[in-house]
Amino acid sequence: MTGISEADILETQDRVTQCISDLFLAEAEAETLQHDTDLMGVLDSLQVLRLVIELESLFAIKVGDTDLTVDNLGSVTKITAFIHRKRGAAGRLAEALAHGR
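Residues numbered from 1 in each chain as written. Predicted model: local features only at pLDDT ≥ 70, side-chain atom pairs only at ≥ 80, totals over all residues. Heavy atoms only, no water.

Peer 1: Help me understand the overall build of the chain in this model?
Peer 2: Along the chain, the regular secondary structure elements total 5 helices and 0 strands. When the elements of the chain are put in sequence order from the N terminus, they spell out α-α-α-α-α. Roughly 6,400 Å² of accessible area belongs to the chain as shown, and the carbon and sulfur atoms make up 53% of that amount. (Helix = DSSP H or I, 4+ residues; strand = E, 2+ residues; numbered from the N terminus. Areas by Shrake-Rupley, 256 points an atom, 1.4 Å probe, with all protein chains shown as cover.)

Peer 1: What exactly am I supposed to notice about the side chain of S75 here?
Peer 2: Turning to its location among the elements, S75 is positioned in the loop between α4 (70-73) and α5 (76-98). The exposure class of S75 is buried, given its relative accessible area of 6%. Not counting the four nearest positions on each side in its chain, S75 is found in contact with H35, D36, T37 and L39. (Buried < 20%, exposed > 50% of the residue type's maximum accessible area, 1.4 Å probe, protein only. Contact = heavy atoms within 4.5 Å.)

Peer 1: Please explain the pattern of salt bridges as it appears in this structure.
Peer 2: In a structure, side chains of opposite charge can pair up when their charged atoms sit close to one another. Applying the stated criterion across every chain yields a total of 2 salt bridges. Here E56 and K62 are joined by a salt bridge, their closest N and O atoms 3.6 Å apart. Since its relative accessible area comes to 60%, K62 is described here as exposed. Of the charged contacts in the structure, one is a salt bridge between K86 and D67, with a shortest N-O distance of 2.9 Å. (Salt bridge = Lys/Arg side-chain N within 4 Å of Asp/Glu carboxyl O.)

Peer 1: Would you mind going over the packing of helix α1 (residues 6-24) against helix α3 (residues 45-59) with me for this structure?
Peer 2: A pair of packed helices is captured by two measures, namely the crossing angle of their axes and the spacing between those axes. Where α1 contacts α3, the axes come no closer than 11 Å and their chain directions differ by 135 degrees. With respect to α3, the axis of α1 lies oblique. Handedness of the α1/α3 crossing: right-handed. Of α3, the residues touching α1 (which contributes T12, R15, V16, C19, I20, L23 and F24) are Q47, R50, L51, E54, L55, L58 and F59. Each residue belonging to the contact of α1 with α3 can be placed in one class, and the counts come to 9 nonpolar, 2 polar and 3 charged. (Axes fitted to C-alpha atoms, helices over the stretch in contact; angles between N-to-C directions. Parallel < 35°, antiparallel > 145°, perpendicular 65-115°, else oblique. Left-handed = near helix turned anticlockwise from the far one by under 90°. Nonpolar A, V, L, I, M, F, W, Y, C, P; charged D, E, K, R; others polar.)

Peer 1: Help me understand α1, please; the structure alone is not making it clear to me.
Peer 2: Side chains that are three or four residues apart share a direction in an α-helix, a result of its 3.6 residues per turn. Relative to the 27 Å expected for 19 residues at 1.5 Å per residue, α1 spans 27 Å between its end C-alpha atoms, a close match to the ideal helical length. Taken together, the buried positions of α1 are I9, T12, Q13, V16, T17, C19, I20, S21 and F24. (Expected span 1.5 Å × (residues − 1).)

As structure tokens, then:
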């Protein structure tokens, strides 16, 4: 994740963790959620889709059907990396469009 500060990564992880905790977990479960917790063992498929909708809103990204994978959504750490890849790709596209490429 080049060009992204550690502070940005930590802030994103915290926002994702808070989102999951607030929407889907009881207080005791939220306290045990780690950045590497397997979310596929914690959330059901409907909750994953609700999470995707929330992530799109919170981080101004678009999650496509092909993005719905364990590699992208399997843990807070994976979601954080996915969000930064999506935001980086969107930024590069906007810059290319602005420069007429």
